[in-house]
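Structural overview for review
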Amino acid sequence: MKNTFILVLLCCLHCSYIFSQNFIFRGNNLFGLEYFTLDSTENATKLLFYDLDGDSDLDVITFGLKSADFSGELSYDKFKYFIAIQENIGDRQHPLFAPRKPFMDNFPFPNGPFYSVIGDLNQDHKPDFIVSSGVDFLLNLQTLYYERKSLTGNDQFNIIETDVWDLEAFKAGSFFVPELADMDMDDDLDLLMSGFIVRRDTAGEDVQIPIFLYAKNTGTKSQPKFLGWYENPYGLATSIDQTQMSIVGDIDNDNDNDILSLTTVDTFKVFSYIENKHLPNGKPQFQQGIVTPFGLPVAGQDENLLPPSLVDIDGDGDLDLFMVQKLINKGEGIGFYENELCTETLDNTINQTGSTIIANLSGVKYQWYDCTSAADIAGATAQSFQPIKSGKYAVKLDNNKGCENISECYNFIISATQDQIISDQITIYPNPTDDYFTIINNTGSAITSIMILNTSGVLIKAVKSSQSDRISISGIPTGNYVIEISSGSWKISKKLSISRF
């Protein structure tokens, strides 16, 4: 009863703090998501969202328990799991998922409990997995790195045990849910585990201790390596008095990773929001958890909630929530809770004028994006954009109020005539010259690099884009040269003659 009172009190104390963000339940099994198969088996436990086919929308990976045999002596090999995918055949703003199909033939499930998270750990554009857990001959649990080797076939993974990273295994009976996220803002994926660890107490008995474990990624972009485990770091010790099953994401849109945990208070399953107020050096600094935030549901003794997934499913810049649930007032299935932090719909249409594609919406932040390479285009942050090659391009919009949107990919075809139009907007003078030259840029796009090459294509001098328009050629011999001028969206060449008398 005491804990029930605490739960109600915490809800009241923090309602004013969280008024600006709210999750609204929209229904179960929306967008074609399948809670189970047609024969009512293979119930989902958890959803992972990832762009598996590189088409700029989010597909879904579903996994869970396929069957369990409770007869005789209990062992891990009596639990069978499944993993399936549903391709997004809609788009980033309007998802629609095709029917389930197996993730692959003969997925290499671990010989222990199966719980997974997905991410490109070695930045080779192939999604890897962190899996909890493999079991050794002492039944100790190891967190496994499923390094992706191939996107097809029956041998897609190189499975690496965490002892390669000097991360110790956990005593039999422990349980952890893994999360991959850039926790310290150094542009790589760190590992955060939530759950419980089994340890001996002073009486010599094994007890389950709720805990967060953190491993910092200290490797290179192509070869991750982890340093840890660190127990309840960065202030998390104040937020853990019960077992947490946690997910990570920028819930409050302040560009760092917060934690949303499923935990218990008394007989209730509730959510706890642990806000990250990061330090100037990027390291996280977590505040004490807020119980039942954002209008998220509470499950009673006869109800059930399973670990959720945070994802911007509608492309509006805030994180929505999916979770498998069985609630009296909301039903059973994969519940969708839409985040209403962003209530403004940004016009994401674009048009082409001559050699330029232009976002229709004015007065926001822009980032042009190459749909083919799935990468932002450096320096392309204006409302208009002039591509240097044919391809598919999109623009990301951000109104600085927590709302984002991305356009459809625009099929742009460049011609020799358009190339010449860009070149005609660039002038260099004096030409010929003996001391310096100046570039006049009327394209509307910032110049990012200037290179002086001889007629054989050998680089003679590179000029930083931040340098003055007046470019010195002191020390460069007389003769004919090529000036290669680039922006984030185009590249042209001009001839320059150096003549001295």
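What you see is a predicted model; the values in this text were computed from it and never measured.

Counting through the fold element by element, Asn 257 comes out in the loop between β14 (245-249) and β15 (258-265). Under the relative-accessibility criterion, Asn 257 is labelled buried at 16%. Look past the residues within four positions of Asn 257 in its chain and what remains in contact with it is Ala 181, Asp 182, Met 183, Val 248, Gly 249, Asp 250, Asn 276 and Phe 286.

The subject of this paragraph is the pattern of salt bridges. Applying the stated criterion across every chain, the model contains 13 salt bridges. Where Lys 66 meets Glu 42, a salt bridge forms, and the shortest distance between an N and an O atom there is 3.8 Å. In this pair, Lys 66 is assigned in strand β3 (residues 59-68) and Glu 42 in the loop between β1 (23-28) and β2 (46-50), connecting sequence segments 24 residues apart. Residue Asp 184 is joined to Lys 216 by a salt bridge in which the shortest nitrogen-to-oxygen separation is 2.5 Å. You can see Asp 184 sitting in the loop between β10 (175-181) and β11 (190-200) and its partner Lys 216 sitting in strand β12 (residues 206-217), a full 32 residues away along the chain. Exposure remark for Asp 184: the relative accessible area of 6% places this residue in the buried category. Bridged by salt links that share partners, the residues Arg 26, Glu 338 and Glu 340 form one connected network.

On to the sheet that holds β2. If you walk across this open sheet you meet the 4 strands as β2-β3-β4-β5, and the pairing is antiparallel. Where the open sheet ends on each side, the last strands, each with one partner, are β2 and β5 (101-102). Bridge count between β2 and β3: 5 bridges; the pairing is antiparallel. By the bridge assignment, Tyr 50 is partnered in β3 with Asp 59.

Here is what the cut-offs are and how they apply
- Residues numbered from 1 in each chain as written.
- Predicted model: local features only at pLDDT ≥ 70, side-chain atom pairs only at ≥ 80, totals over all residues.
- Heavy atoms only, no water.
- Helix = DSSP H or I, 4+ residues; strand = E, 2+ residues; numbered from the N terminus.
- Buried < 20%, exposed > 50% of the residue type's maximum accessible area, 1.4 Å probe, protein only.
- Contact = heavy atoms within 4.5 Å.
- Salt bridge = Lys/Arg side-chain N within 4 Å of Asp/Glu carboxyl O.
- Pairing = 2+ DSSP bridges.

Treat this as a map of the structure, not an account of what it does.
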